[in-house]
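Here is how the chains run, residue by residue.
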Amino acid sequence: MLRQALLVYRKEMLTMRRDRRLIIGVTVTSLLVMPALMGFLGRMTNTGNGGPELTPVVLGTDHPAAVAVVRGDPTLWAIGATIDSSRYPNHVTITSDNETIRVISDRTKPRLWSVAERIDASLETWKRDRLMARLQDLGVSRSELDPFTVQLQDRSSETARGAVLLGTLMPYLVIVLLVANSVRAVYVAVGEKEKNTLASVLVSQVPREAIVIGKSLAITTFAIFASVLLVMGMVVFASLGFTIAGDALGDANFQLRPSQVVELIINISGLALVISSVIMVVGTYARTQREAGIYTAPLLFVSIFLAVFSFSDTSFSTAVYAIPILGNALTMKATIVDGTGAPEIGLVLGVNALVFAVLVWVSVAMYRRETVLFRR
Amino acid sequence: MIETRSLRKVFQSKKKGQITAICDLTMRCGAGEIYALLGPNGAGKTTTLRILATLMDPTSGDARVDSLSVVHDKEEIRKRIGVVSYETGVYERMTPREIGHYFGRLNNMEVGQIDHNLAYIFALLRMEDFADRRTDDFSTGMRQKTVLMRALVTAPQILIFDEPTSGLDLLTAKSVVDYIRLLKNEGKTILFSTHVLWEAEKLADRIGIIDRGRLVEEGTLSELRERTGRADLEDIFFSLVSE
């Protein structure tokens, strides 16, 4: 049976290798389009975060505190109250009467609101400095006025911060990529039915199990290959000086030990087997690639939903690791962040193997049902 | 030998309820014989052949291929049969030789035996010129020859053809018919369905006429002539089907 499964696998791989549109599509998408898109997003993030964007401030007061704060901040651009402020839709207004200075902004615009909060803080500092100067003039010592200062310090290393960022992002990316690329290979499962070649395989001496296993492994190989290609594209892109994630990564420094890499590869392989067996079930049931596409769309959404849990800081109970995909995401994160073998990896891989076996069994059962094979 | 006894196949349709595709079908194709199954569209020909090819199970009744049950001895039957259908496709990114090797290996054949069989089939079907070309741009005739080759590479003793010349031009259809005749001379048992009456007239030792899932007449051409009192197979067919 394994020999025949290998024959089916080799035939599917040969067919995929010769599918020029598929290979060109995957290569161009993985090596150029996706890295370029992420690089573009990274650049946009950079501009948004660190660009010297000026915020117009309508100074409707000549209060010395307001004037000092606005003129002292190079990111603020003071414009007079007589200028038509409607020309500057994103502006902050400062007015005052007697004892109140009003900083007027728009909370629905987060950047503008943060500028207003900064002005507010600067005004408070101005007020405090003036008060302390006067009290010092009256003979109160600096140490009495300001007995201590508070400093918030980060004890984590650059490597640890990098590991957390990688552990958060990687499971998500891996899951989304594997699902998306497996979906592209769904024709391995549905193509025989669509092209009317299935009957000739079914009347041969090959067991149904060999057909399903051979095809599932072909989908797995393709999904892993396409995902690796995409990661390579990103690495090449980054080595050329393009920022992939913008400033989000900060000063993080990624380092993976060989044992971590091996554990990740085993984890990703288990995950790929689960996803490909789901695709196999869908492809076996569907009549056409189009129909298969309708069924695989929810799979992508569910996978993204489960993958998002890798962003969470919460510690989950062991039972949660038994949920396929989610368990893979959490153990992937643990492998990267903790740097040691995730204790639940055995459970996760066991569940992966079980799900793969069950779904292969479901596909085989479907291969025996004429209502599925000859569905009109 | 292929035979069915009181074969019945009922499909469940959500929209149409129960559909009886075959009703008490009893027929027999002897060893080394060519049997033509004639009938209009929807008569139950394809369903009968699918049951005999082990692709479907009968609802009731019995069907045997080489004395083996289509329900209980599927694996054994698959070792003995070759199946060709008018709707069968070919792998578009493979050459006929690769397809032949793939199916040969799936059927546990040695590479040397596959090469030997392929050389014979390619010569016979005049496929040498395109045996190593990918099938993407093949004509319908070239595709049908590839399908035939795929079914014959294992040198099966029993062949089941579902409208093997459907959609082919006259020249290609004739070469397929000639080939079927040659297979009979090699002692193969052949059951085929067709719409084309002259094929049945030329090839078949015995003819079965099926209508609405029932076998309405069966026999040699001369027996059918005798029973219906008509000389021409077309007249015989229309008299039986329209009644």
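A quick note: this is a predicted structure, and the numbers were derived from the prediction, not measured.

**Side note on the overall build of chain B**
Assigned secondary structure in chain B consists of nine helices and 10 strands. Projected onto its principal axes, the C-alpha coordinates of chain B cover approximately 50 × 40 × 35 Å. Burial analysis of chain B (243 residues in total) assigns 45% to the buried set. Taking the contacts inside chain B whose residues are at least 6 apart along the sequence as the reference set, 67% of them involve residues at least 24 apart.

**So, the overall build of chain A**
In terms of helices and strands, chain A carries 14 helices and four strands. Taken across its 376 residues, chain A has 35% of its residues classed as buried. Pairs at least 24 apart in sequence give 74% of the contacts found in chain A among residues at least 6 apart.

**Re helix α4 (residues 110-137) of chain A**
Residues and elements named next belong to chain A. For α4, built from 28 residues, the straight-helix expectation of 40 Å at 1.5 Å per residue is met to within 8% by its first-to-last C-alpha distance of 41 Å. Those residues of α4 that fall on the buried side of the exposure criterion are Val115, Ala116 and Ile119. On its buried face, α4 is in contact with β1 (55-60), α3 (64-72), β3 (92-97) and β4 (100-104). Positive backbone phi, at 100°, marks Gly139, one or two positions downstream of α4.

**Comments concerning the interface of chain B and chain A**
Interfaces are often described in size by the accessible area the parts lose on coming together. Contacts between the two partners involve 24 residues from chain B and, on the opposite side, 17 residues from chain A. Elements supplying a minimum of two residues to the side of chain B that touches chain A: α2 (74-80), β6 (81-85) and α3 (96-106) of chain B. Classifying every residue of the side of chain B that touches chain A gives 11 nonpolar, six polar and seven charged.

**Considering the sheet that holds strand β5 (residues 68-69) of chain B**
Residues and elements named next belong to chain B. With antiparallel pairing, four strands are arranged side by side in an open sheet as β2-β1-β4-β5. The outermost strands of the open sheet, each flanked by one partner alone, are β2 (17-29) and β5. With two bridges joining them, strand β4 (residues 60-65) and β5 adopt antiparallel strand pairing. Residue pairing in the sheet places Arg64 in a bridge with Ser69 of β5.

**Regarding the environment of Tyr179 of chain B**
Within the secondary structure, Tyr179 of chain B sits in helix α6 (residues 170-185). In this structure Tyr179 of chain B touches Leu124, Leu125 and Leu148 of chain B, once residues within four positions along its chain are discounted.

**Points about the nonpolar core**
Residues Val186 and Ile279 of chain A together with Leu52 of chain B are the most contacted members of the largest nonpolar core, which totals 139 residues. Broken down by element, the residue count for this core peaks at 12 residues, all from helix α9 (residues 208-239) of chain A. When near neighbours in sequence (up to four residues on either side) are disregarded, Leu52 of chain B contacts Ile2, Ala63, Val65, Val70, Ile160 and Leu191 of chain B. Grouped together as the second largest cluster of nonpolar side chains are 13 residues, Val70, Val92, Ala116 and Ile119 of chain A included.

**Concerning the pairing of strand β3 (residues 34-38) of chain B**
Residues and elements named next belong to chain B. Burial analysis of β3 places five of its five residues in the buried class, which makes it a mostly covered element. Residues Ile34, Ala36 and Leu38 of β3 are buried on one face, and the alternating residues Tyr35 and Leu37, pointing to the opposite face, are buried as well. By the bridge criterion, five bridges tie β3 to strand β8 (residues 189-194) in an arrangement that is parallel. Along β8, the bridge assignment pairs Ala36 with Phe192. Both β3 and strand β9 (residues 206-211) contribute to a ladder of four bridges, which runs parallel. What sits directly across from Ala36, in β9, is Ile207.

**Some thoughts on helix α7 (residues 187-194) of chain A**
Residue and element names in this part refer to chain A. Within α7, seven of the eight residues are buried, leaving the element largely enclosed by the surrounding structure. Among all positions of α7, only Tyr187, Val188, Ala189, Val190, Gly191, Glu192 and Lys193 are buried. Asn196 sits one or two positions beyond α7 and adopts a positive phi of about 60°.

**Structural notes on the sheet that holds strand β7 (residues 158-162) of chain B**
All names here are of chain B. On the basis of which strands lie adjacent, the open sheet formed by six strands has the order β6-β7-β8-β3-β9-β10 and mixed pairing. Taken across any chain shown, the strands that pair with only one partner, and hence form the sheet edges, are β6 and β10 (214-219). For this sheet the average axis-to-axis angle between neighbouring strands, irrespective of direction, equals 15°. Of the strands in this sheet, β6 and β7 are in contact with helix α5 (residues 140-152), which crosses β6 at around 165°.

**Notes on the environment of Pro40 of chain B**
Residue and element names in this part refer to chain B. With respect to the helices and strands, Pro40 occurs in the loop between β3 and α1 (45-52). Here the alpha-carbon distance between Pro40 and Ile210, two residues 170 residues apart in the chain, equals 7.9 Å. With sequence-adjacent residues up to four places away left out, Pro40 is seen in contact with Asp211 and Val241.

**So, unusual backbone geometry**
Residue and element names in this part refer to chain B. The phi torsion at Asp66 lies on the positive side, around 55°, for a residue other than glycine. Mapped onto the elements of the fold, Asp66 is located in the loop between β4 and β5. Positive phi, normally seen in glycine, also occurs at Ser67, with a value near 65°. With respect to the secondary-structure elements, Ser67 resides in the loop between β4 and β5.

**Digging into the packing of helix α10 (residues 258-285) of chain A against helix α11 (residues 289-307) of chain A**
Residues and elements named next belong to chain A. Taken N-terminus to C-terminus, the directions of α10 and α11 make an angle of 150°; their axes are 9 Å apart at the nearest point. Taken together, the axes of α10 and α11 are roughly antiparallel relative to one another. The way α10 lies across α11 gives a crossing that is right-handed. The segment α10 lies against α11, with Val278, Ile279, Val282 and Gly283 engaging Ala292, Tyr295, Thr296 and Leu299. Within the contact of α10 with α11, the residues separate by chemical class into six nonpolar, two polar and no charged.

**Observations concerning the pairing of β8 of chain B**
Residues and elements named next belong to chain B. Within β8, six of the six residues are buried, which leaves the element mostly enclosed by the surrounding structure. The alternating pattern of β8 places Thr189, Leu191 and Ser193 and Ile190, Phe192 and Thr194 on opposite faces, both of which are buried. Sheet topology note: the β7/β8 ladder contains five bridges and is parallel. Note on β8: the bridge partner recorded for Leu159 is Ile190.

**Some details on the environment of Arg5 of chain B**
Residue and element names in this part refer to chain B. By the element assignment, Arg5 lies in strand β1 (residues 2-13). Between the alpha carbons of Arg5 and Phe237 there is a distance of 23 Å; along the sequence they are 232 residues apart. What Arg5 contacts, discounting residues up to four positions off in sequence, is Thr26, Gly61 and Asp62.

Calculation rules
Residues numbered from 1 in each chain as written. Chains lettered and ligands numbered in written order. Predicted model: local features only at pLDDT ≥ 70, side-chain atom pairs only at ≥ 80, totals over all residues. Helix = DSSP H or I, 4+ residues; strand = E, 2+ residues; numbered from the N terminus. Buried ≥ 20, exposed ≤ 12 C-beta atoms within 10 Å, placed from the backbone. Contact = placed C-beta atoms within 7 Å. Expected span 1.5 Å × (residues − 1). Nonpolar A, V, L, I, M, F, W, Y, C, P; charged D, E, K, R; others polar. Pairing = 2+ DSSP bridges. Core = buried A, V, L, I, M, F, W, Y, C linked by C-beta atoms within 7 Å. Axes fitted to C-alpha atoms, helices over the stretch in contact; angles between N-to-C directions. Parallel < 35°, antiparallel > 145°, perpendicular 65-115°, else oblique. Left-handed = near helix turned anticlockwise from the far one by under 90°.

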